[in-house]
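One-letter residues, chain by chain:
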Amino acid sequence: MSSSEGADGSYDAEFDVGRLYVWGVSLLIGFIGYTSQVFVFWSYLGGFATRTFVVLGAFNVLLHLLYYNYYLAVTVSPGHVPIGWEPPLNGANVYELKRDTLKPRFCRICKGFKPPRTHHCSDCDRCVLKMDHHCPWTNNCVGFNNQSHFLRFVYMVDVTCAMAAALHGLRLYELVVDAINGTYYVRQPTQIEVVFLIINLSASLLVLLFVGILSCYHLYLVGNNTTTIESREKDRVARLIKSKKCKPTAYPYDLGIVRNFKSVFGGSIMLWWVPKQPTGTGLDFDIKDGLTTP
């Protein structure tokens, strides 16, 4: 896949199968979100009623925040190494050195130095700042500039699907109670409502299950200020230490759980749900107190 970064910082990729993933995710969100409201929630909440507009208003706020964060995760560039960048002679930038030569890391494909936490993405064919992983569902890398957008999208999926599943579940419970009490004819659903109730409840629970597992994993990673790639590297180092093939090495970027979350979502906890540009350049990072740089 070839790609380019626009002047506005957006990430523009040529058409490939990844675009199909993006369309698929967008259509799935729209299908569950809008058919649920039209065919299930509207009648269940009582049609033109205050409760209906309050509940559906809250649901649509969540739904459109989900869409917006997904749009940002797809379109915002993860961040790339500036052309000609060279590591300074001292400071946190040179904390990551090659083990065999003790020199700054160099990408032979991009023909440039790698800042700390930067890795080359074979899908994007570029080095990505603070690369976490390449996500097929966004057709984009998750990196320094868009990590918070990706995580907000994932967590908004959890919250929105949980609300959708709860409303579907309450409607299903109501139908079961009516069937048990013999009052089924009073609030008898239409066939189309039953179809969408079953489909959307099943889809919401499945999405909530799989995205919930992903959310918990990334919650753990952010809490330790670790990317997916770094987590694998830490596991590999742990195995080497256990086999006595290398000496114990302190992970330098764990600043404590509060500072770790602030480094991703911003300094103000009250504004963590508000999309914004990350602070810093992605070329250097704070390190744990007590560690010294080479």
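Bear in mind the structure is a predicted one, so any value in this text is a computation, not a measurement.

Peer 1: What am I meant to see in the environment of Val-264 here?
Peer 2: By the secondary structure assignment, Val-264 is in helix α6 (residues 257-265). The sequence separation of Val-264 and Thr-279 amounts to 15 residues, and the corresponding C-alpha distance is 8.7 Å. Those residues in contact with Val-264, other than ones at most four positions away along the chain, are Lys-130, Gln-147, Ser-148, Leu-151 and Val-222.

Peer 1: Would you explain helix α4 (residues 191-223) in this entry?
Peer 2: Because each turn of an α-helix spans 3.6 residues, side chains separated by three or four positions in sequence point in the same direction. For α4, which comprises 33 residues, the first-to-last C-alpha distance of 47 Å matches the rise-based estimate of 48 Å (1.5 Å per residue) to within 8%. Note on α4: the residue one or two positions beyond its end, Asn-225, has a positive phi of about 55°.

Peer 1: In this structure, what is going on with unusual backbone geometry? I would like to understand it.
Peer 2: Generally, phi is negative for residues other than glycine and the peptide bonds are trans, each holding for most cases. For Asp-125, which is not glycine, the phi dihedral falls at a positive 60°. In this fold, Asp-125 is placed in the loop between β5 (119-121) and β6 (126-128). Positive phi is not limited to glycine here, since Asn-139 has a value of about 55°. Looking at the secondary structure, you find Asn-139 in the loop between β7 (133-135) and β8 (140-142).

Peer 1: I would appreciate a short explanation of the side chain of His-133 in the present structure.
Peer 2: Within the element layout of this structure, His-133 appears in strand β7. At 2.6 Å, the side chain of His-133 forms a polar contact with the side chain of Asp-132. Residues within four places of His-133 in sequence aside, it is in contact with Cys-141, Val-142, Phe-150, His-218 and Thr-228.

Peer 1: I tried to follow a nonpolar patch on the surface on my own but got confused; where do I start?
Peer 2: Taken together, the side chains of Val-17, Leu-20, Tyr-21 and Trp-137 make up a nonpolar region of the molecular surface, amounting to roughly 430 Å² of accessible area. One can find Tyr-21 in helix α1 (residues 17-45). Since its relative accessible area comes to 33%, Tyr-21 is described here as partly exposed.

Peer 1: Would you explain the pattern of salt bridges in this entry?
Peer 2: Side-chain pairs of opposite charge can arise where the charged atoms are in close proximity. On inspection of all chains with the given rule, the structure shows four salt bridges. Asp-286 is the salt-bridge partner of Arg-259, the closest N and O atoms lying 3.9 Å from each other. Note that Arg-259 is positioned in helix α6 and Asp-286 in the segment after α6, a separation of 27 residues in sequence. On the accessibility criterion, Asp-286 (53% relative accessible area) is exposed. Overlapping salt bridges, with partners in common, bring together Arg-171, Glu-174 and Glu-193 in one network.

Peer 1: What am I meant to see in the nonpolar core here?
Peer 2: Across soluble globular proteins, you tend to see nonpolar side chains buried next to one another. Of all hydrophobic cores here, the largest spans 38 residues; its most connected members are Phe-41, Phe-150, Leu-151, Phe-153, Val-157 and Phe-265. Secondary-structure elements contributing two or more residues to this core are α1, α2 (50-75), α3 (147-181), α4 and α6. For this core, the leading source of residues is α3, giving 11 residues. Setting aside residues no more than four positions away along its own chain, Leu-151 makes contact with His-218, Val-222, Val-264 and Phe-265. By size, the runner-up hydrophobic cluster in this structure holds 11 residues, among which are Val-81, Leu-129, Phe-144 and Tyr-253.

Peer 1: What is the right way to read the packing of aromatic side chains from this model?
Peer 2: Aromatic rings in a pair are described by how distant their centres are and how their planes are angled relative to each other. For the structure on display, the rule yields 15 aromatic pairs. With 6.0 Å between their ring centres and 75° between their planes, Phe-144 and Phe-285 make a pair best called edge-to-face. Highlighted residues: Phe-144 in the loop between β8 and α3 and Phe-285 in the segment after α6, separated in sequence by 141 residues. Residue Phe-144 is classed as buried on the basis of its relative accessible area, which comes to 9%. Using a relative accessible area of 12% as the deciding quantity, one classes Phe-285 as buried. Between Phe-261 and Phe-265, the ring centres sit 6.3 Å apart and the planes meet at 15°, which makes this aromatic pair stacked. With a gap of four residues between them, Phe-261 and Phe-265 both fall in helix α6, about one helical turn apart. Take Phe-261 and Phe-265: they sit in the same class, and that class is buried.

Scoring rules and cut-offs
Residues numbered from 1 in each chain as written. Predicted model: local features only at pLDDT ≥ 70, side-chain atom pairs only at ≥ 80, totals over all residues. Heavy atoms only, no water. Helix = DSSP H or I, 4+ residues; strand = E, 2+ residues; numbered from the N terminus. Contact = heavy atoms within 4.5 Å. Expected span 1.5 Å × (residues − 1). Polar contact = N/O pair within 3.5 Å; in protein donor to acceptor, adjacent residues only side chain to side chain. Patch = residues over 30% accessible without salt bridge, like charges linked within 9 Å, V, L, I, M, F, W, Y side chains within 5 Å. Areas by Shrake-Rupley, 256 points an atom, 1.4 Å probe, with all protein chains shown as cover. Salt bridge = Lys/Arg side-chain N within 4 Å of Asp/Glu carboxyl O. Buried < 20%, exposed > 50% of the residue type's maximum accessible area, 1.4 Å probe, protein only. Core = buried A, V, L, I, M, F, W, Y, C linked by side-chain atoms within 4.5 Å. Phe/Tyr/Trp six-rings, centres within 6.5 Å; stacked < 30°, edge-to-face > 60°.

Worth remembering: the numbers are spatial, not functional.
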